[in-house]
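Secondary and tertiary structure notes
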Amino acid sequence: MASESTQGREPVIRIEGLRKSFGKHVVLRNIDFEVMPGEVVTIIGASGSGKSTLLRCINLLETPDAGHVWFHGQDLAAEHVDVNKLREKIGMVFQGFNLFNNLNVLQNCTLAPVTLKKASKADAEAEAMRHLDEVGLADFAKSPVTSLSGGQKQRVAIARALCMKPDLMLFDEPTSALDPEIVGEVLSVMRDLAKDGMTMVVVTHEMEFAKNVSDKVVFMDQGVIAEEGDPRQIFTNPKKPRTREFLSRYLEDKPDQVQEA
Amino acid sequence: MGTTQEAQEPSMEEEKGGLVRFFASDHRYVLLGTSVVALIGMWFSMQPRSSQSFLANAYALEVVMYYALMAWVVVSLVALVTKLVHWRDYQQKSPFAKPAAKHVERICSYVVWLFSAVLFVDRAIMGFVAIVKSAVGSNANPQDFVGGMVYMVYKGRGIFARGIATTIELAVFGTVIAFFLALLLVFLRLQQIDRPDNDFVRFLKVIGCGFAKVYSAVVRGTPMMVQSLIIYFAGFAVLSGSGMSTNDIRAVWSTFVAGLVTISLNSTAYMMEVLRGGIEAVDPGQTEAARSLGLSQWQAMSKVVFPQGIKNSIPALSNELVINIKDSSVLSVIGVFDLMFATTTVAGIYYRQLETYIAAAVCYLILTMVASKLLSMLAKHLDAPAMGPALSSSEVAVTTGIAGSADQTIKVDVDHTEDRVRRGGM
């Protein structure tokens, strides 16, 4: 798997001793975490376990209280770091899509490249069309984003992030706001992305995706990483009782997946 | 509660279509409603004719019209009595309720409306024309109310025109200047400390935000009349402190300039709050998305948030123009030659206050109605959410968000605690 082939290489993201609290409520305690190039890491866990906060700390949408977030050897969590420059290399996809409603699909994709990379409008549009084609939405380039369905919006959001040619993609529960029928179209785009070797960190409740697509699964509980490892091992033979409890309740709900496991 | 509301709703709808039905469908309205119109027409016919009356030359025609109206009233009365007597089987038995009779009744009702309208034009409108003609041609101020008003407005038309022009200039320029100042101020107000900022930028941001807050509180917490006096005399004091003569100061720091500064600065504070409401209604997730792509705070605001926020605020912002048309009247205390000052001047010349101030009220009403009509057309053109005219400053404090609201609703129950506190973190 990817993790074996990348032995000895520099990790894309290395997190050390990360802590984060909102007021008195401690969300993350002492997180250590690594993502190697080309690796697909899924973060699973119950609501409120700190999954999303961990993800948002990686691109500094949330400011950590303590600890380090090394991205290509540069510490994002240090004071006065130009996070804007580093965020250009970290794409993020949100649960609520967060498309720019005042722009159409194509403009959503070209806004950042034109503004930040000083790319010419024609180049940016050609690049954007390529990514929109990848997610199957080239026909909607001129549509206002408010006219799209949820699944289409999320695919535009993925294309928008890809237009910045990121080294790392963060997915914050990308399918949680979608109805079950269209979850598949977003997941298949993500699967293709993983196949192309994109480094991805995915917070998700889609256990099937976590099991089949990821190279590493991280189970979070109460603000700490309770268990991490190979998806086959986590899903078939979890070591910690809390992991077992979380997954068993999940697998009971979906008996068809127990058989696959 | 539920049942009464349900019962009220259909009656509300009936009221809406009432005017249409008045002409078209309901039997009662045709007979009784039109009778009221006929009585009004007869009352006009009994009024003395003015010199401009065109029916004076056609006396016979007016007699025919008068008796036709009276006949209609009599027929209606008979129909009413019949209905009261035969209330049980009126629809079946009465000759008035037959389809052919209803048809004739409707045609007759149109004739009644026509006759009454002719009488109205002859007595009321031509009567007003006669008053205007005599007042305009008169050498002395007529004693009657309408005549006096027309005479004073006519004689003081230059003063009124100058006042109206100044009022429009103050309101339009003041609103436009205030809009741009408010944009600047709302950016100061909404910006937050960002990680890449050095200590000097952070210091400036804190100062800017504090200034915007204090400015808004002070300006909205004091009357514009007091503000105008302070600004006028403060400007005067500063300029005379720099050694200018009084005449030079008057040339530069005219009452109009002082008034324009006052109205701009005052309106800025209100518009800032309106813009803030509109901007804060934009889904914060869009800012996060923009920041996650690497856009700076300024880029995210100017490219994504402000365009949507301003669009949200357009209805409330345009009401500021309407408010400024009215509120500019207080600037007459520093001697700005606006409509209010012009009215006071004319009232002083003729010593007839009530008539002139009513004329001024009519002028203001026409100005604000035209302005709000134009603005609502503009808002429709810009595809902004519609809103009725605001009649006081306090009404514009609340704005509603449209953009982004569809996306906001879909956040499901995942990571509640994080969502709640995350707003402040960015």
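What counts, and at which threshold
- Position numbers for residues start from 1 in each chain and track the written sequence from start to end.
- Chain labels run from A onward and ligand labels from 1 onward, assigned in the order the entries are written.
- In keeping with the model being predicted, local features are shown solely for residues with a pLDDT of at least 70 and side-chain atom pairs are shown and tallied solely at 80 or more, while totals for entire chains, interfaces and linings include all residues.
- The side-chain quantities take in all heavy atoms of the structure and omit both hydrogens and water.
- Strands are runs of DSSP state E lasting at least 2 residues, helices are runs of H or I lasting at least 4, and numbering of each runs from the N terminus.
- The quantity called the radius of gyration is restricted to C-alpha atoms. Its globule counterpart is 2.2 Å times the number of residues to the power 0.38.
- Residue contacts are defined here by distance: any two heavy atoms, one from each residue, within 4.5 Å place the two residues in contact.
- Methods summary: accessible areas were calculated by the Shrake-Rupley approach with a probe of 1.4 Å, and residue burial reflects only the protein chains presented.
- At least two bridges found by DSSP between two strands is the condition for calling them paired.
- Once two parts are put together, the accessible area they lose, assessed with a 1.4 Å probe and summed over both, is termed the buried area.
- For this analysis, a salt bridge means a side-chain nitrogen from Lys or Arg found within 4 Å of a carboxyl oxygen belonging to Asp or Glu.
- The definition of a polar contact used here is a pair of N or O atoms within 3.5 Å, where within protein one atom must be able to donate a hydrogen and the other to accept one, and adjacent residues in sequence count solely through side-chain atom pairs.
- Under the grouping applied here, Gly and all other residues not named as nonpolar or charged are polar, the nonpolar ones being Ala, Val, Leu, Ile, Met, Phe, Trp, Tyr, Cys and Pro and the charged ones Asp, Glu, Lys and Arg.
- Take the buried residues of types Ala, Val, Leu, Ile, Met, Phe, Trp, Tyr and Cys, join any two whose side-chain atoms come within 4.5 Å, and each joined set is a nonpolar core.
- Residue burial is assigned from relative accessible area. The probe radius is 1.4 Å, only protein chains are included, and a residue is buried under 20% of its type maximum, exposed over 50%, and partly exposed in between.
- For Phe, Tyr and Trp, where Trp contributes only its six-membered ring, two rings pair if their centres lie within 6.5 Å, and the inter-plane angle classes them as stacked under 30 degrees, edge-to-face over 60, or tilted in between.
- Here, over-ring charges are defined by two tests on the NZ atom of lysine or the CZ atom of arginine: distance to the ring centre within 6 Å, and angle to the ring normal within 35 degrees.
- Residues with no salt bridge and a relative accessible area higher than 30% make up the patches, which join like charges within 9 Å and nonpolar side chains (Val, Leu, Ile, Met, Phe, Trp, Tyr) within 5 Å.
- Every angle, taken between N-to-C directions, lies between 0 and 180 degrees, and every axis is a line fitted to C-alpha atoms, over only the stretch in contact when it is a helix.
- Orientation labels follow simple angle bins: below 35 degrees gives roughly parallel, above 145 gives roughly antiparallel, 65 to 115 gives roughly perpendicular, and whatever is left gives oblique.
- Should the near helix be turned anticlockwise from the far one by less than a right angle, the crossing is left-handed, and should it be turned clockwise, the crossing is right-handed.
- Residue ranges for the domains trace back to a domain assignment, done automatically or taken from a database.

1. Some details on the overall build of chain A
Within chain A, the secondary structure is distributed over 11 helices and 10 strands. For 261 residues, the compact-globule formula gives about 18 Å, and the C-alpha radius of gyration of chain A, at 18 Å, lands near that figure. The principal-axis extents of the C-alpha atoms in chain A amount to approximately 55 × 45 × 40 Å. Pairs at least 24 residues apart make up 67% of the contacts formed inside chain A by residues separated by at least 6 positions. Within the structure as shown, chain A displays about 10700 Å² of accessible surface, and the carbon and sulfur contribution to it stands at 48%.

2. Things to note about the pairing of strand β10 (residues 224-229) of chain A
Residue and element names in this part refer to chain A. Sheet topology note: the strand β9 (residues 216-221)/β10 ladder contains five bridges and is antiparallel. When the bridges of β10 are listed, Val 217 appears paired with Gly 229. Taking the residues between adjacent antiparallel strands as the criterion, β9 and β10 are bridged by two residues, where Gln 222 takes a positive phi near 55 degrees.

3. Observations regarding the interface of chain A and chain B
Often, the extent of an interface is quoted as the loss of accessible area on bringing the components together. Taken together, the 50 residues of chain A in the interface contact 39 residues of chain B. In total, about 3500 Å² of surface goes out of reach between chain A and chain B, with carbon and sulfur atoms giving 53% of it. Where chain A packs against chain B, one counts one salt bridge. The shortest N-O distance in the salt bridge between B:Glu288 and A:Arg56 comes to 2.7 Å. The tally of links between chain A and chain B comes to six residue pairs in polar contact (both at pLDDT 80 or more). Mapped by element, the contributors of at least two residues to the side of chain A that touches chain B are β2 (25-35), α2 (51-58), α3 (83-87), β6 (90-93), α4 (105-116) and α6 (150-162) of chain A. Looking at side-chain class alone, the side of chain A that touches chain B contains 21 nonpolar, 19 polar and 10 charged residues.

4. A look at the nonpolar core
In this structure, A:Ile13, A:Ile15, A:Phe33 and A:Leu168 are the most contacted members of the largest nonpolar core, which totals 68 residues. Broken down by element, this core gets its largest block of residues, eight residues, from helix α8 (residues 157-190) of chain B. Counting 37 residues, the second largest nonpolar core, distinct from the first, contains A:Val183, A:Met190, A:Met198 and A:Phe209.

5. What about the packing of aromatic side chains?
Residue and element names in this part refer to chain B. Under the definition given, this model contains 12 aromatic pairs over all chains. Pairing Tyr 232 with Phe 236 gives two aromatic rings, centres 5.8 Å apart and planes at 65 degrees, and the pair type is edge-to-face. With Tyr 232 and Phe 236 both in helix α10 (residues 224-241), this residue pair falls four residues apart, about one helical turn. As far as burial versus exposure is concerned, Tyr 232 and Phe 236 are alike and both buried. Among the aromatic side chains, those forming a connected cluster through ring pairs are Trp 43, Phe 44 and Phe 120. Sitting over the face of the ring of Tyr 154, Arg 157 holds its NZ or CZ atom 4.3 Å from the ring centroid.

6. Thoughts on unusual backbone geometry
All names here are of chain A. Not every positive phi belongs to a glycine, and His 72 is a case in point at roughly 50 degrees. Structurally, the position occupied by His 72 is in the loop between β4 (66-71) and β5 (74-75). Residue His 72 is classed as partly exposed on the basis of its relative accessible area, which comes to 45%. Positive phi, close to 55 degrees, is recorded for Asn 98, a residue that is not glycine. Using a relative accessible area of 2% as the deciding quantity, one classes Asn 98 as buried.

7. Quick look at a nonpolar patch on the surface
Residues and elements named next belong to chain B. Side chains of Phe 128, Phe 145, Val 146, Leu 354, Ile 358, Val 362, Ile 366, Val 370, Leu 374 and Met 377 sit close together on the surface and give an oily, nonpolar patch of about 880 Å² of accessible area. Secondary-structure elements contributing two or more residues to the nonpolar patch are α7 (145-155) and α16 (353-381). Ranked by the residues each element gives to the nonpolar patch, the list is headed by α16, at seven residues. Positionally, Val 370 belongs in helix α16.

8. Notes on the environment of B:Met272
Mapped onto the fold, B:Met272 is located in helix α12 (residues 255-280). It is 18 Å that separates the C-alpha atoms of B:Met272 and B:Leu260, two residues lying 12 residues apart in sequence.

9. A word on the packing of α4(A) against α6(A)
All names here are of chain A. Between α4 and α6, the least distance of the axes is 8 Å, while the angle of their chain directions is 25 degrees. It follows that α4 is roughly parallel to α6 by the angle criterion. As for the relative orientation of α4 and α6, their crossing is right-handed in sense. Of the residues in α6, those touching α4 at Val 105, Asn 108 and Cys 109 are Val 156, Ala 159 and Arg 160. Among the residues making up the contact of α4 with α6, the classes are represented as four nonpolar, one polar and one charged.

10. Describing the domain arrangement of chain B
What the domain assignment lists for chain B is domain 1 (19-137), domain 2 (157-390) and domain 3 (393-426). Its C-alpha centre places domain 1 of chain B at a distance of 51 Å from the equivalent point of domain 2 of chain B.

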